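Read off the chains here:
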Amino acid sequence: QVQLVESGGGLVQPGGSLRLSCAASGSIFSIGDMGWHRQAPGKQRELVAVITSGGSTNYADSVKGRFTISRDNAKNTVYLQMNSLKPADTAVYYCNAHLFLDYGLPKSDYWGQGTQVTVSS
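Calculation rules
- Residues numbered from 1 in each chain as written.
- Predicted model: local features only at pLDDT ≥ 70, side-chain atom pairs only at ≥ 80, totals over all residues.
- Heavy atoms only, no water.
- Core = buried A, V, L, I, M, F, W, Y, C linked by side-chain atoms within 4.5 Å.
- Buried < 20%, exposed > 50% of the residue type's maximum accessible area, 1.4 Å probe, protein only.
- Helix = DSSP H or I, 4+ residues; strand = E, 2+ residues; numbered from the N terminus.
- Disulfide = S-S within 2.5 Å.
- Pairing = 2+ DSSP bridges.
- Axes fitted to C-alpha atoms, helices over the stretch in contact; angles between N-to-C directions.

Another aspect to go through is the nonpolar core. Residues Trp 36, Leu 80, Met 82 and Tyr 93 are the most contacted members of the largest nonpolar core, which totals 31 residues. Elements with a contribution of two residues or more to this core: strand E3 (18–25), strand E4 (30–39), strand E5 (46–51), strand E7 (67–72), strand E8 (77–82), strand E9 (91–100) and strand E11 (115–119). At five residues, E9 tops the list of elements feeding residues into this core.

This is the structure:
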């Protein structure tokens, strides 16, 4: 069974740091773009950061200079290093990945279960 499993959320004080991880497991041929989205209470889900299979990255303006996305292709894992956290960063963070389950098949869009990040004093 193919799945994305996230870890690393929690409660942190403003100005603190957290590192999220998301590992893809199961029968996977290859992985395309991987990214992180977040959804705060009463708000729409928004893109936080994305990284291509080649390592190119893109960030939401609100997190540029504070968050860093990276991936370990050997481990099928994507990371989100979050520094200088603000209360406005409080949300459920979801991992997303474009997975190719076999040669010649189109990509399939997979999501993790979400991990809560709370920034509060």
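We now examine unusual backbone geometry. A positive phi angle, close to 55°, is found at Asn 76, a residue other than glycine. Tracing the chain through its elements places Asn 76 in the loop between E7 and E8. Looking at Asn 76, the relative accessible area reads 25%, which means it is partly exposed. Within the chain, Ser 84 stands out as a residue other than glycine whose phi angle is a positive 50°. Its location among the elements puts Ser 84 in the loop between E8 and E9.

Attention now moves to the environment of Lys 107. As for its placement among the helices and strands, Lys 107 is situated in the loop between E9 and strand E10 (108–111). A relative accessible area of 51% means that Lys 107 is categorised as exposed. Through-space distance from the C-alpha of Lys 107 to that of Val 50 is 16 Å; in sequence the pair is 57 residues apart.

Our next topic: the state of the cysteines. This structure, assessed with the given rule, holds one disulfide. With a sulfur-sulfur separation of 2.1 Å, Cys 22 is cross-linked through a disulfide to Cys 95. Measuring handedness by torsion sign, the sulfur bridge of Cys 22 and Cys 95 sits at about -75° and is left-handed. Of the two residues, Cys 22 sits in strand E3 while Cys 95 sits in strand E9, which places them 73 residues apart along the sequence. What makes Cys 95 buried here is its relative accessible area of 0%.

Taken together, the four strands give an open sheet; going across it, the order is E1-E3-E8-E7, and neighbouring strands pair in antiparallel fashion. Every interior strand has two partners, whereas the edge strands, strand E1 (3–7) and E7, have only one. Across the sheet, the mean angle separating the axes of adjacent strands is 15° when strand polarity is ignored. Of the strand pairs in this sheet, E3 and E8 are connected by six bridges, and their pairing is antiparallel. Of the residues in E8, the one forming a bridge with Ala 23 is Thr 77.

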